[in-house]
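If you want the building blocks of each chain, they are given just below.
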Amino acid sequence: MNAVNILVTGGTGLVGSQLIEALLEKGYPPDTIRALVRPRSHIDFLTGKGIRLCTGDLLDVDSLKAATEGVHIVYHCAGAVDEKRREVFWEVNVIGTERMLEAARWAGVQRFVYVSSIGVYGLLETTPATEDHPTRPLRPYAVSKLAAEQRVRRYAERYGLPFVILRPTAIVGQRDRTITRRLVNLVRRPVVPMVGGGRARISFVHARDVAEAMIRASHSEKAVGNVYNVEGFSAPLRRVIQFFIDEVGSGATIIDVPYGLAFMGALIVDGFYAVARRRVHPIRARVGLRQLTRDLIFDTTKIKMDLNFEPQYGMEESFRQAIRWQLQHGG
Ligand SMILES: NC(=O)c1ccc[n+]([C@@H]2O[C@H](COP(=O)([O-])OP(=O)(O)OC[C@H]3O[C@@H](n4cnc5c(N)ncnc54)[C@H](OP(=O)(O)O)[C@@H]3O)[C@@H](O)[C@H]2O)c1
């Protein structure tokens, strides 16, 4: 594809901002890149780069059409991630994606790359999980991501929109508003409880690796109509937490908690929230507990074979960059 025009949604977020950075570093002309930003988005990172900022909102289809006119590739990274309200997940991730698809169809977009999540699988029955693993999302966020995937496929079937779906694991890097902040806050407590010895492996990926996978997905004919896991590295939970404790310098102590005791605690927490705060998912703590004690790792053979994709960032570099940024900007 020559002289392609690109629209990145979520350009002020972790993935979108790193994607824009990667595109510019690869020599894509700045004036071919557009970023959808909301009127109140923090756009400091995006200004002065020569890219076009299109003001709009995923829920405002006219603004999306204006942003998409003349565009060949849409990288749809915008989404509700660090959110508690179930209805917002649905509104932004499902209805917002539907509206983005509508705008893309209207503009005759040639490739729609959708950033989904490994959350769509739910608790893993087999690990490492391939893309064929059953999808039984557990939380409202993941339910909305799967529903959005279904909207993408439906659009492709009905209107022939060429799409690729990527399912990254937990994403870290500079400008991470979610995972790193949560982990840094966790290790700032004097004691970090650990269930199951912290032996379960969990996986992450650096946002720049996700960006690379997206760019490859947008240029490969083989990728069209496919879904790919995107994983960078995995490590036992205990090692991850200890790394954060050391890097943040918090001196927190890891304390092992028997599974039965943790389960009782989760039951009480869930019961409390179910009664007192209906907007919180009622099985949240128990689900979280089960997830934390099972491996959450993914097979990436498909993306390696089809897109020749190999992650470039390992655990130490990824976490160090993310933590440093969090400590400087996130308080
Ligand atoms: N972070 C992870 O660990 C992770 C893991 C797997 C998959 N994903 C997926 O990857 C994608 C990017 O995640 P991220 O971590 O980069 O998220 P993020 O840092 O929270 O950024 C979210 C982006 O979406 C934009 N946005 C939210 N609601 C919008 C709306 N109604 N209209 C237009 N833009 C809107 C935000 O704009 P503002 O700046 O205006 O708020 C921001 O640019 C998401 O689809 C997410 O589901 C993330």
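The structure this text deals with has already been given above.
Here we summarise the structure given alongside this text. Nothing here was measured: the structure is a model prediction, and the numbers come from that model.

Observations concerning the sheet that holds strand β4 (residues 73-76)
Strands pair in a sheet through their backbones, by hydrogen bonds, and they do so in one of two ways: parallel or antiparallel.
Here is step 1 of the chain: If you walk across this open sheet you meet the seven strands as β3-β2-β1-β4-β5-β6-β10, and the pairing is parallel. The sheet terminates laterally at β3 (52-55) and β10 (226-230), the two strands that pair on one side only. This sheet shows a mean twist of 20° between the axes of neighbouring strands, independent of strand direction.
Here is step 2 of the chain: With five bridges connecting them, strand β6 (residues 163-168) and β10 associate as parallel partners. Residue Leu-166 lies in a different strand from β10, and its bridge partner there is Tyr-228.

Some thoughts on the packing of aromatic side chains
In this description, a pair of aromatic rings is defined by centroid distance and the angle of the planes.
Here is step 1 of the chain: In total, this model carries nine aromatic pairs according to the counting rule given.
Here is step 2 of the chain: Their ring planes at 20° and their centres at 5.8 Å tell us that Phe-204 and Phe-233 sit as a pair that is stacked. Placement of Phe-204 in strand β9 (residues 201-206) and of Phe-233 in strand β11 (residues 233-236) is noted, with a sequence separation of 29 residues between them.
Here is step 3 of the chain: Classification of Phe-204 as buried rests on a relative accessible area of 4%.
Here is step 4 of the chain: Centroid distance Tyr-259 to Phe-263: 6.4 Å. Interplanar angle 25°. Geometry classified as stacked. With a gap of four residues between them, Tyr-259 and Phe-263 both fall in helix α8 (residues 259-276), about one helical turn apart.
Here is step 5 of the chain: With relative accessibility at 35%, the residue Tyr-259 sits in the partly exposed group.
Here is step 6 of the chain: Grouped by ring-pair contacts, the aromatic residues Phe-204, Phe-233, Phe-243, Phe-244 and Phe-319 constitute a single cluster.
Here is step 7 of the chain: Positioned above the aromatic ring of Phe-45 is the side chain of Arg-175, whose terminal nitrogen or guanidinium carbon lies 3.8 Å from the ring centre.
Here is step 8 of the chain: Residue placement shows Lys-302 over the ring face of Tyr-228; its charged tip is 5.2 Å from the ring centre.

Calculation criteria
What you see as residue numbers is a count from 1 along each chain, following the sequence as written. Reporting in this predicted model follows two pLDDT cut-offs: at least 70 for local features of residues, and 80 or more for side-chain atom pairs to be given and counted; totals over whole chains, interfaces and linings ignore these cut-offs and use all residues. Based on all heavy atoms of the structure, the side-chain values leave hydrogens and waters out of the count. Paired strands, in this sense, are two strands between which DSSP finds at least two bridges. Each helix is a run of DSSP H or I of at least 4 residues and each strand a run of E of at least 2, with the numbering of both proceeding from the N terminus. Fitting a line to C-alpha atoms yields each axis, with helices limited to the stretch in contact; the angle taken between N-to-C directions then spans 0 to 180 degrees. What counts as a ring pair is set by centres within 6.5 Å for rings of Phe, Tyr and Trp (its six-membered ring), and what kind of pair is set by the plane angle: stacked under 30 degrees, edge-to-face over 60, tilted for all other angles. Think of it in three bands: with a 1.4 Å probe and only protein chains considered, a residue is buried below 20% of the maximum accessible area for its type, exposed above 50%, and partly exposed in between. Any Lys NZ or Arg CZ found within 6 Å of a ring centre and within 35 degrees of that ring's normal is scored as a charge over the ring.

Coordinates in, geometry out; function isn't part of it.
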